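# Structural features, examined
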Amino acid sequence: QVRLVESGGGLVQPGGSLRLSCVVSGSSFNGYTMGWYRQAPGKQRELVARIAPAGNANYGDSVQGRFTISRDKAKNAVFLQLDDLTPEDTAVYYCNRVVFPLSWGQGTQVTVSS
């Protein structure tokens, strides 16, 4: 089956950094715009970053200047570098195609706390 697998989350202190990875098995998303989403308890799922096949990237206002999205087409992988983290960034982070999304993966938990 086609599966999205996110990894790289963890517990970090405010101001810390993490690098999240997303890989797809059983398919390819190199021809699609990919996004990183997050969902905090009691909140709607939020698109925080997206990257087009050509590499053009866009970010949500809440993460602009702190997060960087990238992709490695040879590895069917998308990455999200999270810098200068704050407690408000605490959420489960997911990747998916922005259009024609696949079934959601399990996500990876990012917890920012001192």
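Refer to the structure printed above.
Structural notes, computed from the coordinates.

Rules used in this analysis
- Residues numbered from 1 in each chain as written.
- Predicted model: local features only at pLDDT ≥ 70, side-chain atom pairs only at ≥ 80, totals over all residues.
- Heavy atoms only, no water.
- Salt bridge = Lys/Arg side-chain N within 4 Å of Asp/Glu carboxyl O.
- Buried < 20%, exposed > 50% of the residue type's maximum accessible area, 1.4 Å probe, protein only.
- Helix = DSSP H or I, 4+ residues; strand = E, 2+ residues; numbered from the N terminus.
- Pairing = 2+ DSSP bridges.
- Axes fitted to C-alpha atoms, helices over the stretch in contact; angles between N-to-C directions.
- Phe/Tyr/Trp six-rings, centres within 6.5 Å; stacked < 30°, edge-to-face > 60°.
- Contact = heavy atoms within 4.5 Å.

## A look at the pattern of salt bridges
Summed over all chains, the structure comprises three salt bridges. In this structure, Arg 38 and Glu 46 form a salt bridge, with 3.0 Å as the shortest nitrogen-oxygen distance. Classification of Glu 46 as partly exposed rests on a relative accessible area of 30%. Across the salt bridge formed by Arg 66 and Asp 89, the nearest N and O atoms sit 2.7 Å from each other. One end of the pair, Arg 66, is in the loop between strand S6 (57–59) and strand S7 (67–72); the other, Asp 89, is in the loop between strand S8 (77–82) and strand S9 (91–97), with 23 residues separating them in the sequence. For the pair shown, Arg 66 and Asp 89 are each scored as buried. Bridged by salt links that share partners, the residues Arg 38, Glu 46, Arg 66 and Asp 89 form one connected network.

## Describing the sheet that holds strand S1 (residues 3–7)
With respect to topology, four strands assemble into an open sheet ordered S1-S3-S8-S7, the strand pairing being antiparallel. Every other strand in the sheet has two partners, leaving S1 and S7 as the edge strands with one partner each. When the angles between neighbouring strand axes are averaged without regard to direction, this sheet yields 15°. As judged from the five bridges shared by S1 and strand S3 (residues 18–25), these two strands associate in the antiparallel manner. Looking at the pairing, Glu 6 lines up with Cys 22 of S3.

## A short note on the packing of aromatic side chains
Tallying each qualifying case throughout the model produces two aromatic pairs. Taken together, a centroid distance of 6.0 Å and an interplanar angle of 80° make the contact between Tyr 94 and Trp 104 edge-to-face. With Tyr 94 in strand S9 and Trp 104 in the loop between S9 and strand S10 (108–112), this pair connects stretches of sequence that are ten residues apart. The class for Tyr 94 is buried, based on a relative accessible area of 14%. Aromatic rings pair up to connect Tyr 37, Tyr 94 and Trp 104 into one cluster.

## Digging into the side chain of Ser 21
Tracing the backbone shows Ser 21 in strand S3. Take Ser 21: its relative accessible area is 18%, and that puts it in the buried class. Excluding residues within four positions of it along the chain, Ser 21 makes contact with Val 5, Glu 6, Ser 7, Trp 36, Val 78 and Phe 79.

## Describing the sheet that holds S9
The mixed open sheet is built from six strands, whose spatial order is S2-S10-S9-S4-S5-S6. Both edges of this open sheet fall to strand S2 (10–12) and S6, since each of them pairs with a single strand only. Neighbouring strand axes in the sheet, compared pairwise and without regard to direction, differ in orientation by 25° on average. One ladder, built from three bridges, connects S9 with S10; its direction is antiparallel. By the bridge assignment, Val 92 is partnered in S10 with Gln 109.

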